[in-house]
Amino acid sequence: KGVTIHRLGCKYLSEADHERIVDVQWDEDKTNTRFRPVELQVLCEDTPGVLADMSRAISSLGINIGNVNLRRLTNGRGVARLQVMLGKLEDLEKVMAHLMKEEGILSVSRR
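Note that the coordinates shown come from a computational prediction; the quantities given were computed from them, not determined experimentally.

Caption draft 1: A look at the overall build of the protein. Secondary structure assignment for the protein yields 2 helices and 4 strands. Ordered by position from N to C terminus, the α and β elements of the protein give β-α-β-β-α-β. Here the C-alpha atoms of the protein give a radius of gyration of 18 Å, more than 25% beyond the 13 Å that 2.2 N^0.38 yields for 111 residues. With respect to the principal axes defined by its C-alpha atoms, the protein has extents near 60 × 30 × 20 Å. For the protein, contacts bridging at least 24 residues in sequence account for 65% of all contacts bridging at least 6. Surface summary for the protein: the accessible area is close to 8,600 Å², and the carbon and sulfur share equals 48%.

Following this line, the structure appears as structure tokens:
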């Protein structure tokens, strides 16, 4: 049948033949890291410099921004849709935490 890799907590994992389950780990060698685009949605105050602050927070982690779309809302707020290039789950958690530390950022979620 071949090999199938499931995330921890996958509903199909609990139904699998437990004799066929093998623990695996991803290679943490940075030279082999494949970066994937991840979409984030950021609700922010509509103030000068908020986009620059978001960009600085992300780039300070060494993470590339692939695309940005920022839209003004009617209530003095804005919503940014950011595509960031991430190599691992920990990068997502770091980006979201760094963004939330910035003044004027109200919420950050994965799209």
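From this point, things continue past the structure.
Caption draft 2: Here's a closer look at the pairing of strand S1 (residues 36-45). Strand direction decides the pairing type here: S1 and strand S3 (residues 77-86), joined by 10 bridges, are antiparallel. Bridging from a neighbouring strand, Cys44 pairs with Gly78 of S3.

Caption draft 3: Region of the structure containing the pattern of salt bridges. Under the criterion given, the structure shown has 2 salt bridges. In this structure, Asp46 engages Arg72 in a salt bridge whose closest nitrogen and oxygen atoms are separated by 2.8 Å. Pair noted here: Asp46 is in the loop between S1 and helix H1 (50-59) and Arg72 is in strand S2 (residues 64-72), with a separation of 26 residues, a long-range link. Judged by its relative accessible area of 36%, Asp46 is partly exposed. Here Arg56 makes a salt bridge to Asp53, at a shortest N to O gap of 2.4 Å. Here Arg56 pairs with Asp53, and both are found in helix H1, just 3 residues apart, close to one helical turn.

Caption draft 4: Layout of the side chain of Asp91. Locating Asp91 in the fold gives a position in helix H2 (residues 89-101). Salt bridges are absent for the buried Asp91, whose nearest opposite-charge side chain, Lys94, sits at 4.8 Å. In this structure the side chain of Asp91 is engaged in a polar contact, spanning 3.3 Å, whose partner is the backbone nitrogen of Gly87. In contact with Asp91, other than residues within four places in its own chain, are Ile63 and Leu86.

Caption draft 5: How the structure looks around the sheet that holds S2. The 4 strands are arranged S2-S3-S1-S4 in an open sheet whose pairing can be described as antiparallel. Both edges of this open sheet fall to S2 and strand S4 (105-110), since each of them pairs with a single strand only. With strand direction ignored, the average angle separating the axes of adjacent strands in the sheet is 20 degrees. Sheet strands in contact with H1 are S1, S2, S3 and S4, and its direction is about 160 degrees off that of S2. This element, H2, spans S1, S3 and S4 of the sheet and lies at about 165 degrees to S4.

Caption draft 6: Summary view of the packing of H1 against H2. Running from N to C, H1 and H2 point in directions that differ by 145 degrees, and their axes come no closer than 9 Å. Here H1 and H2 pass one another in a crossing that is right-handed. Here Met54, Ala57 and Ile58 of H1 come into contact with H2, specifically with Val95, His98 and Leu99. Class assignment for the residues of the contact of H1 with H2 results in 5 nonpolar, 1 polar and no charged.

Rules and cut-offs
Residues numbered from 1 in each chain as written. Predicted model: local features only at pLDDT ≥ 70, side-chain atom pairs only at ≥ 80, totals over all residues. Heavy atoms only, no water. Helix = DSSP H or I, 4+ residues; strand = E, 2+ residues; numbered from the N terminus. Rg over C-alpha atoms; globule rule 2.2 N^0.38 Å. Contact = heavy atoms within 4.5 Å. Areas by Shrake-Rupley, 256 points an atom, 1.4 Å probe, with all protein chains shown as cover. Pairing = 2+ DSSP bridges. Salt bridge = Lys/Arg side-chain N within 4 Å of Asp/Glu carboxyl O. Buried < 20%, exposed > 50% of the residue type's maximum accessible area, 1.4 Å probe, protein only. Lys, Arg positive; Asp, Glu negative; His and termini not counted. Polar contact = N/O pair within 3.5 Å; in protein donor to acceptor, adjacent residues only side chain to side chain. Axes fitted to C-alpha atoms, helices over the stretch in contact; angles between N-to-C directions. Left-handed = near helix turned anticlockwise from the far one by under 90°. Nonpolar A, V, L, I, M, F, W, Y, C, P; charged D, E, K, R; others polar.

Purely spatial values, then, with no claim about function.
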